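# Structure at a glance
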Amino acid sequence: MTEAVVLMAYGSPERLADVPAYYADIRGGRPVAPEHLADLVERYRRLGIEDSSPLNAITEATRDALEEELGLPVFTGMKHWTPHIADAAEAALAAGADRVAGLVLAPHYSALSIKGYRDQLEHALDGRAELEFVESWHAEPGFVDLLADRVRGTDAHVVFTAHSLPARILEMGDPYKEQLLETAALIARSAQLRAWSFSFQSESPTGEPWLGPDILDYLDALHADGVEHVLVCPVGFVSDHLEIRWDIDVEAQEKAAELGMRLERIEMPNDDPAFIRTLAAIVKRALP
Ligand code: FEC
(Lines give C-alpha, C1' and ligand atoms only; values in the text may rest on other atoms or scores of the structure.)
Protein backbone atom coordinates (compact mmCIF):
# COMPACT_ATOMS: atom_id res chain seq x y z
CA MET A 1 0.00 0.00 0.00
CA THR A 2 1.06 3.60 -0.52
CA GLU A 3 0.84 5.57 2.69
CA ALA A 4 0.74 9.26 3.53
CA VAL A 5 0.01 11.41 6.56
CA VAL A 6 -2.44 14.28 6.82
CA LEU A 7 -1.22 16.43 9.70
CA MET A 8 -3.99 18.75 10.87
CA ALA A 9 -4.00 21.97 12.88
CA TYR A 10 -6.49 24.68 13.80
CA GLY A 11 -5.07 27.16 11.27
CA SER A 12 -4.25 30.81 11.63
CA PRO A 13 -4.76 33.82 9.34
CA GLU A 14 -1.67 34.50 7.25
CA ARG A 15 -2.09 38.28 7.39
CA LEU A 16 -4.31 40.84 9.11
CA ALA A 17 -6.60 41.19 6.07
CA ASP A 18 -7.52 37.48 6.40
CA VAL A 19 -8.96 37.80 9.91
CA PRO A 20 -12.63 38.53 8.95
CA ALA A 21 -12.81 35.49 6.63
CA TYR A 22 -10.98 33.34 9.18
CA TYR A 23 -13.37 34.33 11.97
CA ALA A 24 -16.36 33.72 9.67
CA ASP A 25 -15.04 30.20 9.07
CA ILE A 26 -14.72 29.56 12.82
CA ARG A 27 -18.28 30.80 13.32
CA GLY A 28 -19.43 28.43 10.57
CA GLY A 29 -22.15 30.70 9.19
CA ARG A 30 -23.36 31.97 12.57
CA PRO A 31 -23.32 35.78 12.97
CA VAL A 32 -20.08 37.55 13.90
CA ALA A 33 -20.48 40.44 16.35
CA PRO A 34 -18.58 43.46 14.95
CA GLU A 35 -17.04 44.22 18.37
CA HIS A 36 -15.74 40.62 18.66
CA LEU A 37 -14.21 40.85 15.18
CA ALA A 38 -12.59 44.21 16.00
CA ASP A 39 -11.18 42.72 19.21
CA LEU A 40 -9.77 39.71 17.34
CA VAL A 41 -8.16 41.91 14.65
CA GLU A 42 -6.58 43.96 17.41
CA ARG A 43 -5.14 40.85 19.12
CA TYR A 44 -3.57 39.64 15.87
CA ARG A 45 -2.31 43.14 15.09
CA ARG A 46 -0.58 43.33 18.46
CA LEU A 47 1.04 39.96 17.75
CA GLY A 48 2.56 41.54 14.65
CA ILE A 49 0.99 39.59 11.79
CA GLU A 50 0.41 42.63 9.55
CA ASP A 51 1.70 40.96 6.34
CA SER A 52 2.77 37.48 7.31
CA SER A 53 2.36 35.16 10.28
CA PRO A 54 5.10 33.35 12.16
CA LEU A 55 2.44 30.97 13.53
CA ASN A 56 1.70 29.00 10.37
CA ALA A 57 5.43 28.61 9.80
CA ILE A 58 5.62 26.48 12.95
CA THR A 59 3.12 23.97 11.55
CA GLU A 60 5.10 23.85 8.31
CA ALA A 61 8.35 23.23 10.21
CA THR A 62 6.61 20.41 12.13
CA ARG A 63 5.39 18.89 8.86
CA ASP A 64 8.82 19.06 7.33
CA ALA A 65 10.52 17.43 10.32
CA LEU A 66 7.85 14.71 10.63
CA GLU A 67 8.18 13.85 6.94
CA GLU A 68 11.91 13.44 7.36
CA GLU A 69 11.53 11.37 10.54
CA LEU A 70 8.95 9.03 8.98
CA GLY A 71 10.24 8.83 5.42
CA LEU A 72 6.59 9.22 4.32
CA PRO A 73 4.88 12.16 2.60
CA VAL A 74 3.16 14.44 5.14
CA PHE A 75 0.60 17.06 4.09
CA THR A 76 -0.74 19.82 6.35
CA GLY A 77 -4.43 20.59 6.47
CA MET A 78 -6.01 23.38 8.51
CA LYS A 79 -9.44 23.24 10.08
CA HIS A 80 -10.15 26.94 9.63
CA TRP A 81 -7.63 28.25 7.12
CA THR A 82 -5.54 27.33 4.09
CA PRO A 83 -4.31 24.83 3.11
CA HIS A 84 -7.63 23.27 4.12
CA ILE A 85 -7.90 19.68 5.32
CA ALA A 86 -9.56 18.89 1.97
CA ASP A 87 -6.51 20.30 0.14
CA ALA A 88 -4.22 18.03 2.16
CA ALA A 89 -6.44 15.02 1.40
CA GLU A 90 -6.32 15.77 -2.33
CA ALA A 91 -2.53 16.19 -2.18
CA ALA A 92 -2.19 12.82 -0.44
CA LEU A 93 -4.36 11.15 -3.08
CA ALA A 94 -2.45 12.88 -5.87
CA ALA A 95 0.75 11.43 -4.39
CA GLY A 96 -0.80 7.99 -4.86
CA ALA A 97 -1.80 7.28 -1.25
CA ASP A 98 -4.35 4.55 -0.72
CA ARG A 99 -3.89 4.56 3.06
CA VAL A 100 -3.84 7.81 5.04
CA ALA A 101 -3.00 8.44 8.69
CA GLY A 102 -4.91 11.43 10.06
CA LEU A 103 -3.21 13.14 13.01
CA VAL A 104 -4.35 16.35 14.71
CA LEU A 105 -1.89 18.65 16.47
CA ALA A 106 -4.15 18.66 19.54
CA PRO A 107 -3.87 15.73 21.98
CA HIS A 108 -7.35 15.53 23.56
CA TYR A 109 -10.56 14.24 21.99
CA SER A 110 -13.80 16.20 22.03
CA ALA A 111 -16.84 15.94 19.81
CA LEU A 112 -16.58 19.76 19.59
CA SER A 113 -12.99 19.66 18.44
CA ILE A 114 -11.29 16.51 17.06
CA LYS A 115 -14.50 15.12 15.59
CA GLY A 116 -14.67 18.19 13.34
CA TYR A 117 -11.21 17.40 11.94
CA ARG A 118 -12.20 13.79 11.36
CA ASP A 119 -15.45 14.74 9.62
CA GLN A 120 -13.61 17.10 7.26
CA LEU A 121 -10.96 14.50 6.40
CA GLU A 122 -13.43 11.64 5.92
CA HIS A 123 -15.61 13.81 3.73
CA ALA A 124 -12.63 14.90 1.61
CA LEU A 125 -11.23 11.39 1.15
CA ASP A 126 -14.71 10.13 0.34
CA GLY A 127 -13.64 6.47 0.49
CA ARG A 128 -10.82 6.96 -2.03
CA ALA A 129 -8.21 5.85 0.53
CA GLU A 130 -8.29 3.91 3.79
CA LEU A 131 -8.26 6.29 6.77
CA GLU A 132 -6.45 5.52 10.02
CA PHE A 133 -7.51 8.44 12.19
CA VAL A 134 -5.83 9.08 15.56
CA GLU A 135 -8.60 10.13 17.94
CA SER A 136 -6.40 11.22 20.84
CA TRP A 137 -2.86 10.92 22.13
CA HIS A 138 -3.21 12.63 25.49
CA ALA A 139 -1.32 9.93 27.46
CA GLU A 140 1.42 9.31 24.88
CA PRO A 141 4.59 8.63 26.93
CA GLY A 142 6.83 10.82 24.74
CA PHE A 143 4.45 13.75 25.13
CA VAL A 144 4.16 13.30 28.89
CA ASP A 145 7.97 12.99 29.23
CA LEU A 146 8.60 16.09 27.12
CA LEU A 147 6.32 18.26 29.25
CA ALA A 148 7.47 16.66 32.50
CA ASP A 149 11.03 17.67 31.58
CA ARG A 150 9.83 21.25 31.21
CA VAL A 151 8.25 21.51 34.66
CA ARG A 152 10.52 19.21 36.70
CA GLY A 153 12.40 20.88 39.53
CA THR A 154 10.36 24.09 39.54
CA ASP A 155 9.52 25.72 42.83
CA ALA A 156 6.50 27.41 41.22
CA HIS A 157 2.90 26.23 41.45
CA VAL A 158 2.32 24.56 38.07
CA VAL A 159 -0.99 25.36 36.37
CA PHE A 160 -1.82 23.01 33.49
CA THR A 161 -4.14 24.66 30.98
CA ALA A 162 -6.18 23.82 27.91
CA HIS A 163 -8.73 25.51 25.68
CA SER A 164 -12.13 25.70 27.33
CA LEU A 165 -15.22 24.37 25.58
CA PRO A 166 -18.93 24.95 26.15
CA ALA A 167 -19.91 23.25 29.43
CA ARG A 168 -22.66 21.27 27.69
CA ILE A 169 -19.96 18.75 26.61
CA LEU A 170 -20.15 17.29 30.13
CA GLU A 171 -23.79 16.26 29.63
CA MET A 172 -22.79 14.77 26.27
CA GLY A 173 -20.42 12.38 28.11
CA ASP A 174 -17.49 13.91 26.22
CA PRO A 175 -14.05 12.61 27.35
CA TYR A 176 -12.28 15.99 26.84
CA LYS A 177 -12.05 17.14 30.47
CA GLU A 178 -11.18 13.66 31.77
CA GLN A 179 -8.38 13.29 29.22
CA LEU A 180 -6.99 16.72 30.11
CA LEU A 181 -6.91 15.89 33.81
CA GLU A 182 -5.25 12.57 33.01
CA THR A 183 -2.47 14.29 31.03
CA ALA A 184 -1.94 16.79 33.84
CA ALA A 185 -1.79 14.05 36.49
CA LEU A 186 0.66 11.95 34.42
CA ILE A 187 3.01 14.90 33.95
CA ALA A 188 2.74 15.91 37.61
CA ARG A 189 3.55 12.35 38.72
CA SER A 190 6.45 11.98 36.31
CA ALA A 191 7.94 15.34 37.35
CA GLN A 192 7.14 14.71 41.02
CA LEU A 193 5.49 18.10 41.35
CA ARG A 194 4.63 19.31 44.82
CA ALA A 195 2.06 21.93 43.86
CA TRP A 196 -0.05 21.80 40.74
CA SER A 197 -3.60 22.29 39.50
CA PHE A 198 -5.58 22.70 36.30
CA SER A 199 -7.52 25.56 34.74
CA PHE A 200 -9.07 26.35 31.39
CA GLN A 201 -8.21 29.28 29.12
CA SER A 202 -9.31 31.05 25.93
CA GLU A 203 -13.07 30.91 26.46
CA SER A 204 -15.00 32.46 23.55
CA PRO A 205 -17.85 34.99 23.89
CA THR A 206 -20.59 32.75 22.47
CA GLY A 207 -23.27 33.50 25.08
CA GLU A 208 -23.36 30.03 26.71
CA PRO A 209 -21.51 28.78 29.81
CA TRP A 210 -17.99 27.40 29.21
CA LEU A 211 -15.88 25.04 31.32
CA GLY A 212 -13.98 26.79 34.10
CA PRO A 213 -12.27 28.06 36.02
CA ASP A 214 -10.72 30.39 33.47
CA ILE A 215 -7.02 31.06 34.10
CA LEU A 216 -7.65 34.79 34.67
CA ASP A 217 -10.12 34.11 37.52
CA TYR A 218 -8.01 31.23 38.72
CA LEU A 219 -4.99 33.51 39.26
CA ASP A 220 -7.15 35.49 41.72
CA ALA A 221 -7.90 32.28 43.61
CA LEU A 222 -4.24 31.21 43.68
CA HIS A 223 -3.23 34.67 44.86
CA ALA A 224 -5.82 34.49 47.65
CA ASP A 225 -4.23 31.15 48.66
CA GLY A 226 -0.85 32.84 48.96
CA VAL A 227 0.71 31.49 45.72
CA GLU A 228 3.34 33.94 44.45
CA HIS A 229 4.95 32.11 41.56
CA VAL A 230 3.10 30.26 38.78
CA LEU A 231 4.46 28.17 35.91
CA VAL A 232 1.85 27.70 33.16
CA CYS A 233 2.07 24.41 31.29
CA PRO A 234 -0.48 24.40 28.43
CA VAL A 235 -1.24 20.73 27.77
CA GLY A 236 -4.08 21.22 25.30
CA PHE A 237 -1.91 22.97 22.70
CA VAL A 238 1.42 22.09 21.18
CA SER A 239 2.68 25.26 19.55
CA ASP A 240 3.04 29.00 19.86
CA HIS A 241 -0.11 30.59 18.51
CA LEU A 242 -2.68 33.21 19.44
CA GLU A 243 -4.01 31.26 22.43
CA ILE A 244 -0.48 31.02 23.87
CA ARG A 245 1.09 34.26 22.68
CA TRP A 246 -1.94 36.38 23.59
CA ASP A 247 -4.06 34.61 26.19
CA ILE A 248 -1.12 33.48 28.31
CA ASP A 249 1.81 35.74 27.38
CA VAL A 250 -0.19 38.98 27.38
CA GLU A 251 -3.50 38.58 29.25
CA ALA A 252 -2.48 36.14 31.98
CA GLN A 253 0.88 37.88 32.33
CA GLU A 254 -0.83 41.26 32.83
CA LYS A 255 -3.21 39.78 35.35
CA ALA A 256 -0.34 38.20 37.32
CA ALA A 257 1.53 41.51 37.30
CA GLU A 258 -1.56 43.29 38.67
CA LEU A 259 -1.67 40.75 41.49
CA GLY A 260 2.05 41.05 42.14
CA MET A 261 2.60 37.41 41.13
CA ARG A 262 5.41 36.01 39.00
CA LEU A 263 4.11 34.05 35.99
CA GLU A 264 6.17 32.00 33.56
CA ARG A 265 5.20 29.45 30.95
CA ILE A 266 6.98 26.46 29.49
CA GLU A 267 8.39 26.48 25.97
CA MET A 268 5.83 24.88 23.68
CA PRO A 269 6.82 21.62 21.89
CA ASN A 270 6.65 23.30 18.42
CA ASP A 271 9.11 21.37 16.21
CA ASP A 272 11.36 20.11 19.02
CA PRO A 273 13.02 16.90 17.73
CA ALA A 274 11.78 14.92 20.76
CA PHE A 275 8.22 16.01 19.96
CA ILE A 276 8.65 15.06 16.30
CA ARG A 277 9.81 11.58 17.36
CA THR A 278 6.70 11.30 19.52
CA LEU A 279 4.43 12.27 16.62
CA ALA A 280 6.25 9.76 14.42
CA ALA A 281 5.68 6.99 17.00
CA ILE A 282 1.95 7.78 17.03
CA VAL A 283 1.76 7.65 13.23
CA LYS A 284 3.71 4.38 13.07
CA ARG A 285 1.24 2.78 15.46
CA ALA A 286 -1.67 4.04 13.35
CA LEU A 287 -0.06 2.56 10.23
CA PRO A 288 1.19 -0.82 11.43
O1 FEC B 1 -2.99 31.08 16.35
C2 FEC B 1 -4.06 31.18 15.76
O3 FEC B 1 -4.21 32.05 14.91
C4 FEC B 1 -5.20 30.25 16.04
C5 FEC B 1 -5.19 29.85 17.48
C6 FEC B 1 -6.32 28.94 17.92
C7 FEC B 1 -6.16 27.65 18.35
C8 FEC B 1 -7.43 27.20 18.80
C9 FEC B 1 -7.64 25.96 19.33
C10 FEC B 1 -8.83 25.50 19.80
N11 FEC B 1 -10.04 26.15 19.71
C12 FEC B 1 -10.99 25.36 20.27
C13 FEC B 1 -12.34 25.63 20.37
C14 FEC B 1 -12.94 26.83 19.99
C15 FEC B 1 -14.35 27.10 20.07
C16 FEC B 1 -14.56 28.40 19.64
C17 FEC B 1 -13.26 28.92 19.29
C18 FEC B 1 -13.02 30.19 18.81
C19 FEC B 1 -11.80 30.68 18.41
C20 FEC B 1 -11.56 32.00 17.85
C21 FEC B 1 -10.21 32.07 17.55
C22 FEC B 1 -9.61 30.81 17.91
N23 FEC B 1 -10.60 29.99 18.42
FE24 FEC B 1 -10.35 28.07 19.05
N25 FEC B 1 -8.35 28.21 18.65
C26 FEC B 1 -7.70 29.29 18.09
C27 FEC B 1 -8.29 30.51 17.75
N28 FEC B 1 -12.30 27.94 19.51
C29 FEC B 1 -9.45 33.25 16.95
C30 FEC B 1 -12.64 33.06 17.62
C31 FEC B 1 -12.43 34.31 18.39
C32 FEC B 1 -12.30 34.08 19.86
O33 FEC B 1 -13.18 33.47 20.44
O34 FEC B 1 -11.26 34.46 20.40
C35 FEC B 1 -15.89 29.14 19.55
C36 FEC B 1 -16.42 29.08 18.15
C37 FEC B 1 -17.74 29.79 18.06
O38 FEC B 1 -17.71 31.02 18.03
O39 FEC B 1 -18.74 29.10 18.08
C40 FEC B 1 -15.43 26.11 20.53
C41 FEC B 1 -10.35 24.14 20.77
C42 FEC B 1 -9.02 24.23 20.48
C43 FEC B 1 -7.91 23.21 20.84
C44 FEC B 1 -7.94 22.07 19.87
C45 FEC B 1 -7.41 22.47 18.51
O46 FEC B 1 -6.32 23.05 18.41
O47 FEC B 1 -8.13 22.18 17.55
C48 FEC B 1 -11.04 22.98 21.48
C49 FEC B 1 -4.89 26.85 18.33
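That block above? That's the structure.
Residues numbered from 1 in each chain as written. Predicted model: local features only at pLDDT ≥ 70, side-chain atom pairs only at ≥ 80, totals over all residues. Heavy atoms only, no water.

### Remarks on empty space enclosed by the protein
Tallied over the entire structure, the rule returns one cavity of 30 Å³ or more. As a volume, the largest cavity reaches approximately 30 Å³. Lining the largest cavity are Ile58, Thr59, Thr62, Leu105, Val238, Ser239, Asn270 and Phe275. Of the residues contributing to the lining of the largest cavity, the split by class is four nonpolar, four polar and no charged. (1 Å grid on protein atoms, 1.4 Å probe; cavity = no way out; pocket = protein on both sides within 12 Å on 5 of 7 lines; lining within 4 Å. Points joined across faces, edges and corners; volume = space filled by probe spheres on them. Nonpolar A, V, L, I, M, F, W, Y, C, P; charged D, E, K, R; others polar.)

### Quick notes on the sheet that holds strand β5 (residues 157–163)
Strand order across the open sheet formed by four strands is β6-β5-β7-β8, with parallel pairing between neighbours. The two strands at the open ends of the sheet, each matched to only one other strand, are β6 (196–201) and β8 (262–265). Strand-to-strand twist of the sheet, defined as the mean angle between neighbouring strand axes without regard to direction, takes the value 30 degrees. Where helix α7 (residues 176–191) meets the sheet, it contacts β5 and β6, and its direction lies at approximately 145 degrees from that of β6. Packed onto the sheet, helix α8 (residues 215–224) meets β5, β6, β7 (229–234) and β8 and runs at close to 150 degrees relative to β6. (Pairing = 2+ DSSP bridges. Helix = DSSP H or I, 4+ residues; strand = E, 2+ residues; numbered from the N terminus. Axes fitted to C-alpha atoms, helices over the stretch in contact; angles between N-to-C directions. Contact = heavy atoms within 4.5 Å.)

### Observations concerning the coordination of the iron atom of the ligand
Exactly one protein atom donates to the iron atom of the ligand; that atom is Tyr10 (OH), 2.5 Å from the metal. Within the secondary structure, Tyr10 is located in the loop between β1 (3–9) and α1 (19–27). (Donors = N, O, S within 2.8 Å, 3.2 Å for Na, K, Ca; no water.)

### Thoughts on the pattern of salt bridges
Tallying each qualifying case throughout the model produces 21 salt bridges. For Glu140, the salt bridge goes to Arg285, with nearest N and O atoms at 2.6 Å. Linking Glu140 in the loop between β4 (130–133) and α6 (141–151) with Arg285 in helix α11 (residues 273–286), this pair joins segments that are 145 residues apart in sequence. Among the residues examined, Arg285 registers a relative accessible area of 53% and is labelled exposed. Residues joined in a network through salt bridges with shared partners are Glu3, Arg99, Glu130 and Glu132. (Salt bridge = Lys/Arg side-chain N within 4 Å of Asp/Glu carboxyl O. Buried < 20%, exposed > 50% of the residue type's maximum accessible area, 1.4 Å probe, protein only.)

### Comments concerning the packing of aromatic side chains
Both the distance between ring centres and the angle between the ring planes are used here to describe each pair of aromatic rings. One pass over the structure, following the stated rule, counts six aromatic pairs. Relative to Tyr44, the ring of Tyr22 has its centre 6.2 Å away and its plane inclined at 80 degrees; by these criteria the two rings are edge-to-face. Placement of the pair is Tyr22 in helix α1 and Tyr44 in helix α2 (residues 34–46), with a sequence separation of 22 residues. Look at Tyr22 and you get buried, because its relative accessible area is 4%. (Phe/Tyr/Trp six-rings, centres within 6.5 Å; stacked < 30°, edge-to-face > 60°.)

### Topic: the nonpolar core
Within the largest apolar cluster, 49 residues are counted, with the highest numbers of intra-cluster contacts made by Trp137, Val151 and Phe160. The leading source of residues in this core is α11, at seven residues. Setting aside residues up to four positions removed in sequence, Phe160 forms contacts with Ala184, Ile187, Ala188, Leu193, Trp196, Ser197, Phe198, Ser199, Cys233 and Val235. One finds Ile85, Ala88, Val100 and Phe133 within the second-largest nonpolar core, a separate group that totals 21 residues. (Core = buried A, V, L, I, M, F, W, Y, C linked by side-chain atoms within 4.5 Å.)

### So, the site of the ligand
In the vicinity of the ligand, 25 residues are found, and the nearest of them are Tyr10, Ser12, Tyr44, Tyr117 and Ser204. Residue Arg43 places a side-chain N or O atom 3.1 Å away from an oxygen atom belonging to the ligand. Within the side chain of Tyr117, a nitrogen or oxygen atom sits 2.5 Å from an oxygen atom of the ligand. In terms of residues, the shell around the ligand owes the most to one element, α1, which gives four residues. Residue classes in the shell around the ligand are distributed as 14 nonpolar, seven polar and four charged. (Near = heavy atom within 4 Å. Polar contact = N/O pair within 3.5 Å; in protein donor to acceptor, adjacent residues only side chain to side chain.)

Keep in mind these values describe shape, not function.
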